[in-house]
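Coordinates in review
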Amino acid sequence: EVAVLRGLSFVAPAGKITAVVGASGAGKSTLFHVLTGLYDPDGGRIVPAGDACETVFVTNLPRLYFPGPAYGRAIRTRLSDTDSVLHDHGIWLPCNWIAARAARQAGRPYVISPHGSLNPWAAAWHGGRKQVVWHLYQQRVLAGAHALVATSEEERTAIRARFPDRPIALIPNGVDVPEVVPDRSHILGRPTKRLLFLSRLHPVKNIASLIDAWARVKADPALAAWHLDIAGPDELGQRAAGEAQAAQLGVGDSVHFLGAVDEGDKPARFAASDLFILPSFTENFGIVVAEALGQGVPAIATHGTPWADLPRLGIGWHVPPTVDSIAGALAEAMTLTDAARLERGRLGHAHVRASYGWERIAAETLALYQWVLH
């Protein structure tokens, strides 16, 4: 079930996933069907584990996030069991309306994970389009859900503001965490130091402020050994803008855009890094922060992310998403000794393993499904 829930909980980078779940009962085994209307011909991002999980691709209409009638039929077919519940990931797309309608037609309950899409900054991004979708179908779809799922207290607050009477489950995202903290002794005393940003390159990630802050701290000769690695798929021309900004500020030789990083290559990327940063304006969870901490890398996150406990736990920094605040956190973190950063990473690994390991997330998610069913 842990492996199956891991496949269920992953959201394809191209769009949304609808998962139909048959709950365990007397004489029954749990079976998970993962359906997506956004077919990836390379296939590599959705990897369910075990015989208890099936992935179904339903090709969407050309150039549209609209999977068509076959999507609804596929969902209804898999909801035929009376002990089944539909879990839809993400909002604002026609496939969400199709999924909810299929569940209603099958007479089965459904739950929705907005994945931060109702948080103020995210809801305001392309806000005019979203207002149209909200009134066309999205508000009714969310209001009809048997439960909504938030990944952080901040997201639960944003959902509650719109739906004061709907049940909301608080279940964080899960991450793969090594049983023991990775050996990072190779960073001790090495001449080159590396700060890592790893996420999609999008305006919400606040990369412009990061580069501005980077230029400020690099003015200190004591930090000449540090380099900034910016890894992730480019969206909306953010890479070109960032490269031009770094060159203009005179730090182009220490800022490196690495492109997208495959899931299997993430541990090596974290192992090569001394420090991690996610300077976003908003995140419903910011799973990459948990991934970095789980690999023993201390992290800097901003107030738009739900990681306020980083300073209290001694595993990182949590500051406003402004140039001044980011620069201050960078200067403090980069001037620490290697041993001090290693200790923060060790504590971070222990925290993430206890709080965000798949055993806990799987149990909480399955408990939600059983509550909805019964």
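See the structure printed just above.
Before going into details, it helps to say that this report is about the structure given with it. (Residues numbered from 1 in each chain as written. Predicted model: local features only at pLDDT ≥ 70, side-chain atom pairs only at ≥ 80, totals over all residues. Heavy atoms only, no water.)

**Observations concerning the overall build of the protein**
- On a plain count of helices and strands, the protein comes out with 14 helices and 13 strands.
- Of all intrachain contacts in the protein linking residues separated by at least 6 positions in sequence, the fraction that spans at least 24 positions is 67%.
- When the accessible surface of the protein is split by element, carbon and sulfur atoms take 55% of a total near 15900 Å². (Helix = DSSP H or I, 4+ residues; strand = E, 2+ residues; numbered from the N terminus. Contact = heavy atoms within 4.5 Å. Areas by Shrake-Rupley, 256 points an atom, 1.4 Å probe, with all protein chains shown as cover.)

**Brief notes about the sheet that holds strand β13 (residues 316-319)**
- Strand order in the open sheet made by the 6 strands is β10-β9-β8-β11-β12-β13, with parallel pairing throughout. On the outer flanks of this sheet lie β10 (255-259) and β13, each paired with one strand and no other. Sheet twist, expressed as the mean angle between neighbouring strand axes with direction ignored, is 20 degrees.
- Where strand β11 (residues 275-278) and strand β12 (residues 299-302) come together, 3 bridges link them in parallel fashion. Of the residues in β12, the one forming a bridge with Leu-278 is Ala-301.
- Sheet contacts for helix α7 (residues 207-217): β8 (193-198), β9 (226-231), β10 and β11; angle to β9, the most-contacted strand, approximately 170 degrees.
- Across the sheet, helix α10 (residues 287-294) lies against β8, β11 and β12, angled at about 170 degrees from β11, the strand it touches most. (Pairing = 2+ DSSP bridges. Axes fitted to C-alpha atoms, helices over the stretch in contact; angles between N-to-C directions.)

**A closer look at the packing of helix α13 (residues 338-356) against helix α14 (residues 358-373)**
- Where α13 meets α14, the closest approach of the two axes is 5 Å, and the angle between their N-to-C directions is 25 degrees. Taken together, the axes of α13 and α14 lie roughly parallel to each other. Two secondary-structure elements touch here, α13 through Ala-354, Ser-355 and Tyr-356 and α14 through Trp-358, Arg-360 and Ile-361.
- When grouped by side-chain class, the residues that make up the contact of α13 with α14 number 4 nonpolar, 1 polar and 1 charged. (Parallel < 35°, antiparallel > 145°, perpendicular 65-115°, else oblique. Nonpolar A, V, L, I, M, F, W, Y, C, P; charged D, E, K, R; others polar.)

**Re unusual backbone geometry**
- Of note in this structure, Trp-92 is not a glycine but carries a positive phi near 80 degrees.
- Among the secondary structure elements, Trp-92 is positioned in the loop between β4 (84-89) and α3 (94-106).

**A few points about the pattern of salt bridges**
- Using the criterion set out here, one finds 14 salt bridges in the structure.
- The partner of Glu-235 in a salt bridge is Arg-200, and the shortest N-O contact between them spans 3.1 Å. Here the residue Glu-235 occupies a position in the loop between β9 and α8 (238-248), and Arg-200 occupies one in the loop between β8 and α7, the gap between them amounting to 35 residues.
- Beyond isolated ion pairs, a larger network of salt bridges with shared partners links Lys-193, Asp-338 and Arg-341. (Salt bridge = Lys/Arg side-chain N within 4 Å of Asp/Glu carboxyl O.)

**With respect to helix α12 (residues 323-334)**
- In a regular helix each residue adds 1.5 Å, so 12 residues correspond to 16 Å; α12 covers 16 Å between its end C-alpha atoms and thus fits that length.
- Every buried residue of α12 is accounted for by Val-323, Ile-326, Ala-327, Ala-329, Leu-330, Ala-333 and Met-334. The buried residues of α12 occupy an angular sector of 165 degrees when the element is viewed end-on, so they sit on one face. (Expected span 1.5 Å × (residues − 1). Buried < 20%, exposed > 50% of the residue type's maximum accessible area, 1.4 Å probe, protein only. Arc of directions from axis to C-beta.)

**Observations concerning the side chain of Arg-341**
- Secondary-structure assignment places Arg-341 in helix α13.
- Under the relative-accessibility criterion, Arg-341 is labelled buried at 2%.
- For Arg-341, the side chain forms a polar contact with the main-chain oxygen of Ala-333, separated by 3.0 Å.
- In this view, Arg-341 contacts Lys-193, Trp-226, Asp-274, Pro-298, Ala-333, Met-334, Thr-335 and Leu-336; residues no more than four positions away in its chain are not counted. (Polar contact = N/O pair within 3.5 Å; in protein donor to acceptor, adjacent residues only side chain to side chain.)

**Here's the deal with the nonpolar core**
- By size, the foremost hydrophobic cluster in this structure holds 53 residues, and its most contacted members are Trp-214, Ile-230, Phe-276, Trp-307 and Leu-330.
- In this structure, Ile-75, Leu-79, Ile-91 and Leu-118 belong to the second largest nonpolar core, which totals 27 residues. (Core = buried A, V, L, I, M, F, W, Y, C linked by side-chain atoms within 4.5 Å.)

**Some thoughts on the environment of Ser-209**
- Relative to the assigned elements, Ser-209 resides in helix α7.
- Excluding anything up to four places from it in sequence, Ser-209 contacts Pro-321, Val-323 and Ile-326.
- At a separation of 2.7 Å, a polar atom in the side chain of Ser-209 contacts the side chain of Asn-206.

**Points about α7**
- Burial analysis of α7 places 8 of its 11 residues in the buried class, the great majority of the element.
- Elements that come into contact with the buried residues of α7 comprise β8, β9, α8, β10, β11 and α12.

**Focus on the pairing of β4**
- β4 sits mainly inside the fold: 6 of its 6 residues count as buried.
- Where β4 lies against strand β5 (residues 110-113), 4 bridges are found, and the strand directions are parallel. Opposite Leu-86, over in β5, you have Tyr-110 as the bridge partner.
- Once the chain exits β4 it traverses α3 before rejoining the sheet at β5, and the crossover so formed is right-handed. (Right-handed = clockwise from strand over helix to strand, strands pointing away.)

**Quick word on the packing of aromatic side chains**
- Under the counting rule described, the total for this entry stands at 8 aromatic pairs.
- An angle of 50 degrees between the planes, with centres 5.8 Å apart, marks the rings of Trp-134 and Phe-163 as tilted. One end of the pair, Trp-134, is in helix α5 (residues 127-143); the other, Phe-163, is in the loop between α6 (153-162) and β7 (168-170), with 29 residues separating them in the sequence.
- What makes Trp-134 buried here is its relative accessible area of 8%.
- By relative accessible area, which is 6% here, Phe-163 ends up buried.
- Put simply, the rings of Trp-92, Trp-134 and Phe-163 pair up and form one aromatic cluster.
- Above the plane of the ring of Trp-134 lies Arg-162, whose end atom (NZ or CZ) is 4.6 Å from the centre. (Phe/Tyr/Trp six-rings, centres within 6.5 Å; stacked < 30°, edge-to-face > 60°. Lys NZ or Arg CZ within 6 Å of the ring centre and 35° of its normal.)

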